[in-house]
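Report on the structure
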Amino acid sequence: MNAIGSSLHTIMMLGINSIEQENDYKEVKSPMNLQSNRILQPVIVFMAALAIVLLTPSLAAAGEANLVIPELSAAQNSLLYTGILVCVLGMFFGYYQFTRVTKL
């Protein structure tokens, strides 16, 4: 363990010991509380998921057929092609680095 890790471990242990000394008693959880938590947690998750599904619109007012694609100027077209070229070059660079790392 390095020095920082051992220092953090020591600080954490001191904090835990001081908390245990402050509390003279330990709270005992009854089996009924544990059983109700096991039942309630999935119910709460289900209710949250149901609320999300019911509150979001399932059908949009417009579909892909209603989309209007604007005409691009020459400058906009060249910018798009430049972006695609940068992406392809990045893909080749990533593959090159991958092959170098696998040869190690």
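Since the structure is predicted, the reported quantities are computational estimates derived from the model, not experimental observations.

Observations regarding the overall build of the protein
Counting secondary structure elements, the protein contains 3 helices and 0 strands. N-terminal to C-terminal, the α/β element order of the protein is α-α-α. Taken over 104 residues, the protein has a buried fraction of 0%. Per element, the accessible surface of the protein, about 10400 Å² overall, is 69% carbon and sulfur.

Focus on a nonpolar patch on the surface
Judged by side-chain polarity, Ile39, Val43, Phe46, Met47, Leu50, Val53, Leu54 and Leu55 come together as a nonpolar surface patch covering roughly 850 Å² of accessible area. Inspection of the secondary structure puts leucine 55 in helix H2 (residues 31–55).

Observations concerning the confidence of the model for the protein
When pLDDT is averaged along the protein, the result is 75, and 58% of the positions lie at 70 or above. Predicted confidence in the protein is weakest over helix H1 (residues 3–22), with a mean pLDDT of 53, and strongest over helix H3 (residues 74–102), with 96.

Focus: H3
In this model, H3 (29 residues) spans 42 Å end to end at C-alpha, consistent with the 42 Å of a helix rising 1.5 Å per residue. Buried residues are scarce in H3, accounting for 0 of its 29 residues.

Analysis parameters
Residues numbered from 1 in each chain as written. Predicted model: local features only at pLDDT ≥ 70, side-chain atom pairs only at ≥ 80, totals over all residues. Heavy atoms only, no water. Helix = DSSP H or I, 4+ residues; strand = E, 2+ residues; numbered from the N terminus. Buried < 20%, exposed > 50% of the residue type's maximum accessible area, 1.4 Å probe, protein only. Areas by Shrake-Rupley, 256 points an atom, 1.4 Å probe, with all protein chains shown as cover. Patch = residues over 30% accessible without salt bridge, like charges linked within 9 Å, V, L, I, M, F, W, Y side chains within 5 Å. Salt bridge = Lys/Arg side-chain N within 4 Å of Asp/Glu carboxyl O. pLDDT = per-residue confidence, 0-100. Expected span 1.5 Å × (residues − 1).

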